[in-house]
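Listed below are the residues making up each chain.
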Amino acid sequence: MSLNNVVSAERLHIGFFGLRNAGKSSLVNAVTGQKLSLVSDIKGTTTDPVQKAMELLPLGPVVIIDTPGIDDEGDLGKMRVERARQILSKIHIAVLVTDAQKGFSSAENDLISHFKQKNIPFIIAKNKADLLSEIPVSKDNEIFVSAVDGTNINQLKEKIAALSKDVGNNKKILADLVKQGDRVILVVPIDESAPKGRLILPQQQTIRELLEIGALTVVVKPEELADTLGEFKTPPRLVITDSQAFGEVQKIVPKNIHLTSFSILFARYKGDLERVTKGAFALDSLKDGDTLLISEGCTHHRQCKDIGSVKIPTWVKNHSGKKLNFEFTSGGEFPDDLSKYALVIHCGGCMLNEREMQNRLERAESAGVPITNYGTAIAHMHGILKRSLEIFNK
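Described below are features of the structure shown in this document. (Residues numbered from 1 in each chain as written. Predicted model: local features only at pLDDT ≥ 70, side-chain atom pairs only at ≥ 80, totals over all residues. Heavy atoms only, no water.)

**So, the pattern of salt bridges**
Side chains bearing opposite charge may pair, as long as their charged atoms lie close to each other.
Part 1 of the reasoning: Evaluated as defined, the whole model comprises 16 salt bridges.
Part 2 of the reasoning: Where Arg-85 meets Asp-110, a salt bridge forms, and the shortest distance between an N and an O atom there is 3.0 Å. With a gap of 25 residues between them, Arg-85 in helix H2 (residues 74–86) and Asp-110 in helix H3 (residues 106–117) connect regions that are remote in the sequence.
Part 3 of the reasoning: By relative accessible area, Arg-85 is classed as partly exposed at 25%.
Part 4 of the reasoning: The closest approach of N and O atoms between Asp-272 and Arg-275, which form a salt bridge, is 3.7 Å. (Salt bridge = Lys/Arg side-chain N within 4 Å of Asp/Glu carboxyl O. Helix = DSSP H or I, 4+ residues; strand = E, 2+ residues; numbered from the N terminus. Buried < 20%, exposed > 50% of the residue type's maximum accessible area, 1.4 Å probe, protein only.)

**Topic: the environment of Gly-297**
Part 1 of the reasoning: One can find Gly-297 in the loop between strand E11 (291–295) and helix H10 (307–320).
Part 2 of the reasoning: Linking Gly-297 and Val-31, residues 266 residues apart in sequence, is a C-alpha distance of 29 Å.

**Comments concerning the packing of H10 against helix H12 (residues 374–381)**
Part 1 of the reasoning: Between H10 and H12, whose axes approach to 10 Å, the crossing angle comes to 35 degrees. As for the relative orientation of H10 and H12, their crossing is left-handed in sense. For the pair formed by H10 and H12, the contact residues are Ile-307, Gly-308, Ile-312, Trp-315, Val-316 and His-319 on the first element and Tyr-374, Ile-378, His-380 and Met-381 on the second. (Axes fitted to C-alpha atoms, helices over the stretch in contact; angles between N-to-C directions. Left-handed = near helix turned anticlockwise from the far one by under 90°. Contact = heavy atoms within 4.5 Å.)

**Regarding the nonpolar core**
Part 1 of the reasoning: Ranked by size, the top nonpolar core spans 70 residues in total, and within it Leu-174, Val-316 and Ile-345 carry the most contacts.
Part 2 of the reasoning: Top element by residues in this core is helix H8 (residues 262–270). It accounts for 6 residues.
Part 3 of the reasoning: If near-sequence neighbours (up to four positions away) are discounted, Leu-174 is found in contact with Thr-206, Glu-209, Leu-210, Ile-213, Leu-238, Ile-240, Leu-265 and Arg-268. (Core = buried A, V, L, I, M, F, W, Y, C linked by side-chain atoms within 4.5 Å.)

**So, the environment of Lys-221**
Part 1 of the reasoning: Inspection of the secondary structure puts Lys-221 in the loop between strand E8 (216–220) and helix H6 (225–231).
Part 2 of the reasoning: On the basis of relative accessible area, Lys-221 is assigned to the partly exposed category, the value being 29%.
Part 3 of the reasoning: Sequence separation of Lys-221 and Pro-61 is 160 residues, and the distance between their C-alpha atoms is 33 Å.
Part 4 of the reasoning: Not counting residues within four places of it along the chain, the set of residues in contact with Lys-221 comprises Val-187, Val-188 and Ile-190.

Take it as geometry only, folks, not as evidence of what the structure does.
And the structure:
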């Protein structure tokens, strides 16, 4: 796969943080070799996080994020600072840009504490080294740089690359479940909610990995599944379905064939399958008046039969028999305070990197709120959760 085709959710996310006028944006431009961020002598030029997916040697495919100054002032400034802090939930590596002529401020020390608390590897880039009469010896995670004359820019990239070896998602979607020569059927509904002219990301990534494994892969629509199964002299190793077709598909696939969904595969790949499986059982103990949060990691135009806003609420109401309230979030929006919710039902998270998905799971756990995902919730409500997990030996 070309590096240019690596989706943002699978890329290493690198965040640049610092005070206003520390030279963050200038340093980002120097590191990337592009005019990624607007540069000015006026404090607070960067008002929102600037994000760019690109190739950065010697790292490879990355997402570079330039953030607003963490010392911004006023009501609007506080909102900008909060935006910068929210980026901590998705980055793999942080670069704290400081002024080489000054000591650390309280805001910078506070940010370092956040890096350590969240186990984010970080580098302190002491910028404006060109203004020093002599460049001191750097400490382990520090480096003196200059965005103006290019001092140690390559060395900074090498330091980032060294940290990158121990971060990122090294898990596979299903390489430990399927071997070369195995037969796998993928069930992909093509209806009004399917994107025109393409497959959704979990389907694309699963097909790609199956091709790399060397498995014999067949993609069918639900109405073609029964005939396709009849063509196999040897039963397939696994059938993977879109979660919303679970009810229809499980009636067709014989019990001796493993069955799961794309969403369940991604619950394991991006998050914590055991945690979201436990969360699915909270569907059995809902009470009248409970509020549930349904959260999606992407943004899209909602259809009349949208799975998140229409189908899942309907299934949950029918399963519980209770009068429930539902709230919805999408994209980067996810509440800091989850205490009002009886349950969070999250999508598979294909458009989020694994760090952000893990952060959302941990926030729910810290709030004492059960969290499940589309695939496990739908399988449980159709009475086939145990079957859908058998391929994982759970």
